[in-house]
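Given next are the chains, with one letter for each unit.
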Amino acid sequence: MSAAAWQAPPQALRGVRVLDFSHVIAGPFATFQLARMGAEVIKVERPGGGDVMRRSGSGAHAFTALNAGKQARAIDLATPPGRAEALDLARQADLMVDNYRPGVLERHGLGYEQVKAINPRIVYCAISGYGRSDPALAARGAYDHVVQGLTGMAMLAGQECDPPIKVGFPVIDAATGLVGALAMMAALRERDQTGHGSFLDVSMWASALQLMYPFACDVLSTGQEIARVGNKGFSGSPAADMFACRDGWLALGANTPQHIAALMQVLGVDPQRYAPLLDSDSGKGPAFARARDPAAFRELLAEQLAGHPAAELEQRLNDAGVPAARVRSLREFTQQAVDTGLLQPLVLGAGEERAVTPGLGWRVAR
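Residues numbered from 1 in each chain as written. Predicted model: local features only at pLDDT ≥ 70, side-chain atom pairs only at ≥ 80, totals over all residues. Heavy atoms only, no water.

What is the right way to read the side chain of Thr64 from this model?
Along the chain, Thr64 turns up in helix α2 (residues 60-67). What makes Thr64 buried here is its relative accessible area of 8%. When residues no more than four places from it in sequence are discounted, the contact partners of Thr64 are Leu348, Gly349, Glu353 and Ala355. (Helix = DSSP H or I, 4+ residues; strand = E, 2+ residues; numbered from the N terminus. Buried < 20%, exposed > 50% of the residue type's maximum accessible area, 1.4 Å probe, protein only. Contact = heavy atoms within 4.5 Å.)

If you want it as structure tokens, here you go:
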């Protein structure tokens, strides 16, 4: 479709009021999704400073990117007037988001049962590090890199001899926000059908397992550990990895025997050189490629790739049907995406608080 065909996100939540007791990234990202779809979001912050993201190292941009379009309300929950004001807002809300440690809002008379007593139709979404099921874990604070360590995510990247390696951005925070938004949309739909509200327990640890879904399923099914994968693709193919080229790196996704044959043809490698290194079953049916001697195969492939420019290989391999991409920095990719029209940034705020964002991550045409 042409760029002109894409439209703004549907305002499906117009008329929905969200009372937002969230801060930092996970909760605000969840309610940002709702605000962009038309919901009225009232963000409650403590007086005298508010959300720590207002004073984060990335300046006002990060706060604006997560909270634009919301109403800000400073309420001191430690005072009777503050609690009364918050309860009045809860009475009128369709959704309420609690992003504090379990028990904090309860102590201020704003827990689920307390709010449900005055608003039976409330959908109450509690977003926390460890959820409500384990009291010992529930009491702990959580940050993205800590949860990466706890859930095993940091032990999937890198090689067996490496220390734990975190994903280089707050991936679990973002995923938790998306899971929270999805849960609230589903609960609103159910309320439309039944007339009853509900309590949603959304946790960072559970969201981390969603991100690791195929590996988590394998471990739960077999009871066996997953070997650290380094830069290998999920397929396990010996040609699904990242390789050094003459002027940079290439992310290569030659997953099937057919991919490998096309790859080697582009590189000009005789099949008699690489075929003996592949498993004899490779090429029989729709399966991922396997190597008899992965180290020898990788050495051969790395040698062949090393003399080529990465950008040239990216084009030639994709033309041959082999998924491949020159490794870029985030700045380089976003600039390319904007220049080519692939990404149409969403500008939020103005002046010093102006934030240029990638939007919601999906587009709609009618």
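Now that the structure has been shown, the text picks up again.
What should I look at first to understand the layout of surface pockets in this one?
Sizing a probe to match a water molecule and rolling it over the atoms shows the empty space that remains. As a volume, the largest pocket reaches approximately 1,100 Å³. Around the largest pocket, the lining comprises 26 residues; the ones closest to its centre are Leu330, Val356, Thr357, Pro358 and Gly359. Within the residue set of the lining of the largest pocket, elements represented by two or more residues are α1 (26-36), α2, α8 (171-194), α15 (330-340) and β12 (355-357). Partitioned by chemical class, the residues of the lining of the largest pocket number 21 nonpolar, 5 polar and no charged. (1 Å grid on protein atoms, 1.4 Å probe; cavity = no way out; pocket = protein on both sides within 12 Å on 5 of 7 lines; lining within 4 Å. Points joined across faces, edges and corners; volume = space filled by probe spheres on them. Nonpolar A, V, L, I, M, F, W, Y, C, P; charged D, E, K, R; others polar.)

Looking at this structure, I do not really get the sheet that holds strand β6 (residues 123-128). What am I missing?
Hydrogen bonding along the main chain pairs the strands of a sheet, whether they run parallel or antiparallel. In spatial order, the strands read β4-β3-β2-β5-β6-β7; together these 6 strands make up an open sheet with parallel pairing. Only two strands of the sheet have a single neighbouring strand rather than two, namely β4 (71-74) and β7 (198-203). On average, adjacent strands in this sheet sit at an angle of 20 degrees to one another, irrespective of strand direction. Pairing of strand β3 (residues 40-45) with β4, which is carried by 4 bridges, proceeds in the parallel orientation. (Pairing = 2+ DSSP bridges. Axes fitted to C-alpha atoms, helices over the stretch in contact; angles between N-to-C directions.)

How do you make sense of the sheet that holds strand β9 (residues 249-254) when you look at a structure like this?
Spatial strand order, β8-β9-β10: 3 strands in an open sheet with antiparallel pairing. Because the sheet does not close on itself, it has two edges, and the strands there are β8 (239-244) and β10 (324-326). The mean angle between the axes of side-by-side strands here comes to 10 degrees, regardless of whether they run parallel or antiparallel. Two strands pair when backbone bridges link them, and β9 and β10 are joined in this way by 3 bridges, in the antiparallel orientation. Paired with Ala251 across the strands is Ala325, a residue of β10. The strands touched by helix α11 (residues 257-267) are β8 and β9; relative to β9, the strand with the most contacts, the crossing angle is about 135 degrees. Each of β9 and β10 is contacted by helix α14 (residues 310-319), which is oriented at about 160 degrees to β10, the strand it contacts most.

Please clarify how the pairing of strand β5 (residues 95-98) should be interpreted in this entry.
Neither face of β5 is left uncovered, since the one carrying Leu95 and Val97 and the one carrying Met96 and Asp98 both have all their residues buried. Of the pairings in the sheet, the one linking strand β2 (residues 17-21) to β5 comprises 4 bridges and is parallel in character. When the sheet's bridge partners are listed, Asp20 is paired in β5 with Val97. Where β5 and β6 come together, 4 bridges link them in parallel fashion. By the bridge assignment, Met96 is partnered in β6 with Tyr124.

It is not clear to me how a nonpolar patch on the surface should be interpreted in this structure. Could you clarify?
A contiguous nonpolar patch, built from Leu150, Trp205 and Leu209 and spanning about 250 Å² of accessible area, is present on the exposed surface. On the secondary structure map, Leu150 appears in helix α7 (residues 144-151). Exposure remark for Leu150: the relative accessible area of 45% places this residue in the partly exposed category. (Patch = residues over 30% accessible without salt bridge, like charges linked within 9 Å, V, L, I, M, F, W, Y side chains within 5 Å. Areas by Shrake-Rupley, 256 points an atom, 1.4 Å probe, with all protein chains shown as cover. Salt bridge = Lys/Arg side-chain N within 4 Å of Asp/Glu carboxyl O.)

Sorry if this is basic, but what is going on with the environment of Ala275 here?
Along the polypeptide, Ala275 turns up in the loop between α12 (271-274) and α13 (294-305). Classification of Ala275 by relative accessible area gives partly exposed; the value is 40%. Spatially, the C-alpha atoms of Ala275 and Ala261 are 9.1 Å apart, while their sequence positions differ by 14 residues.

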